[in-house]
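# Fold and contact review
Take a look at the letters that make up each chain.
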Amino acid sequence: GAGVSQSPSNKVTEKGKDVELRCDPISGHTALYWYRQSLGQGLEFLIYFQGNSAPDKSGLPSDRFSAERTGGSVSTLTIQRTQQEDSAVYLCASTALRGETQYFGPGTRLLVL
Amino acid sequence: EDQVTQSPEALRLQEGESSSLNCSYTVSGLRGLFWYRQDPGKGPEFLFTLYSAGEEKEKERLKATLTKKESFLHITAPKPEDSATYLCAVQPSGSARQLTFGSGTQLTVLP
């Protein structure tokens, strides 16, 4: 497809379990972002990858959160030992090399019981 | 710290009733201000980018304007299909590229 894709669309997990969320950016886009959208709140920045540079992890809320980007394309966001407050929609966006516009995927809706 | 405040939180309009949404921002230096539309259960859809005060952009029934402190999204003669949450975000100048978002305005257009 032409857009950003994310999987799974929905994820229900139990408190304390680990989850992995996947993002496939637009082909050829060099920058990739993860955001979190909690109910009734704005989007919150988590982490940013640009090419082969070290990622900007300044938005990660705790050391339970980590992300990697393999081969400059697909990214995985991992949440370890999930807590109920991690329940949110996790959104991924990508940007072309010299562009500023971030194009978003449909999101993964995470529910931690 | 960059901040974005959107108002109103919710807006109900009759079809054809024009109005404006406000986005007030504080940022040390502005690289760009972005407007997105978000439908329920979907990711944000890009609408406009504005870069400097005085700039305006239009798309169908929407027009976005920018001043040094705020942006407006004007909706002219809205239709029910314009119902969505409209998000405003700023990107600072400098090396950081992440967007700081407002909480959005939920627009409902009644037929």
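Provided above is the structure to which this section pertains.
Since the structure is predicted, the reported quantities are computational estimates derived from the model, not experimental observations.

Quick look at the layout of surface pockets now. What the largest pocket holds in volume is close to 550 Å³. Among the elements of the structure, strand S8 (88-95) of chain A together with strand S9 (84-92) of chain B are those that each provide at least two residues to the lining of the largest pocket. The element contributing the most residues to the lining of the largest pocket is S9(B), with three residues. Classifying every residue of the lining of the largest pocket by side-chain character gives seven nonpolar, 10 polar and four charged. What lines the second largest pocket is a set of 20 residues, and nearest its centre among them are Leu43(A), Glu44(A), Phe45(A), Leu99(B) and Thr100(B). Counting only elements with at least two residues in the lining of the second largest pocket, the list comes to strand S4 (31-37) and strand S5 (43-50) of chain A together with strand S1 (3-7) and strand S10 (100-101) of chain B. Counting residues per element, the lining of the second largest pocket draws most heavily on S5(A), which supplies three residues. Residue classes in the lining of the second largest pocket are distributed as seven nonpolar, nine polar and four charged.

According to the stated counting rule, one finds two disulfides over all chains in the structure shown. Note that Cys23(A) is cross-linked by a disulfide to Cys92(A), the S-S spacing being 1.8 Å. Linking Cys23(A) and Cys92(A), the disulfide has an S-S dihedral of approximately -65 degrees and is accordingly described as left-handed. Here the residue Cys23(A) occupies a position in strand S3 (residues 19-24), and Cys92(A) occupies one in strand S8, the gap between them amounting to 69 residues. Cys23(B) shares a disulfide with Cys88(B); S-S distance 1.9 Å. Looking down the S-S bond of the Cys23(B) and Cys88(B) bridge, the torsion is -60 degrees, so its handedness is left-handed. Of the two residues, Cys23(B) sits in strand S3 (residues 19-26) while Cys88(B) sits in strand S9, which places them 65 residues apart along the sequence. Residue classification places Cys23(B) among the buried positions, given a relative accessible area of 0%. For Cys88(B), a relative accessible area of 0% translates into the label buried.

Under the definition given, this model contains 10 aromatic pairs over all chains. For the ring pair Phe104(A) and Phe101(B), a centre distance of 6.1 Å and an interplane angle of 75 degrees mean the geometry is edge-to-face. Of this pair, Phe104(A) sits in strand S9 (residues 103-104) while Phe101(B) sits in strand S10, which puts the two residues in different chains. One aromatic cluster is present, formed by Tyr33(A), Tyr35(A), Phe45(A), Tyr48(A), Tyr103(A), Phe104(A), Tyr36(B), Phe46(B) and Phe101(B) through successive ring pairs.

All names here are of chain B. In strand S2 (residues 10-14), alternate side chains face the same way, and those of Leu11 and Leu13 are buried while those of Ala10, Arg12 and Gln14 on the opposite face are not. With five bridges joining them, S2 and strand S11 (residues 105-110) adopt parallel strand pairing. Note that in S11 the partner of Leu13 across the bridge is Val109.

To continue, consider the pattern of salt bridges. All names here are of chain A. Inspection of every chain in the model, using the stated rule, returns nine salt bridges over all chains. Taking the shortest distance from any N to any O, the salt bridge between Lys17 and Glu14 comes out at 3.7 Å. Between Arg22 and Asp24 there is a salt bridge; the shortest N-O distance is 3.2 Å. A relative accessible area of 22% places Asp24 in the partly exposed class.

Rules and cut-offs
- Residues numbered from 1 in each chain as written.
- Chains lettered and ligands numbered in written order.
- Predicted model: local features only at pLDDT ≥ 70, side-chain atom pairs only at ≥ 80, totals over all residues.
- Heavy atoms only, no water.
- 1 Å grid on protein atoms, 1.4 Å probe; cavity = no way out; pocket = protein on both sides within 12 Å on 5 of 7 lines; lining within 4 Å.
- Points joined across faces, edges and corners; volume = space filled by probe spheres on them.
- Helix = DSSP H or I, 4+ residues; strand = E, 2+ residues; numbered from the N terminus.
- Nonpolar A, V, L, I, M, F, W, Y, C, P; charged D, E, K, R; others polar.
- Disulfide = S-S within 2.5 Å.
- Buried < 20%, exposed > 50% of the residue type's maximum accessible area, 1.4 Å probe, protein only.
- Phe/Tyr/Trp six-rings, centres within 6.5 Å; stacked < 30°, edge-to-face > 60°.
- Pairing = 2+ DSSP bridges.
- Salt bridge = Lys/Arg side-chain N within 4 Å of Asp/Glu carboxyl O.

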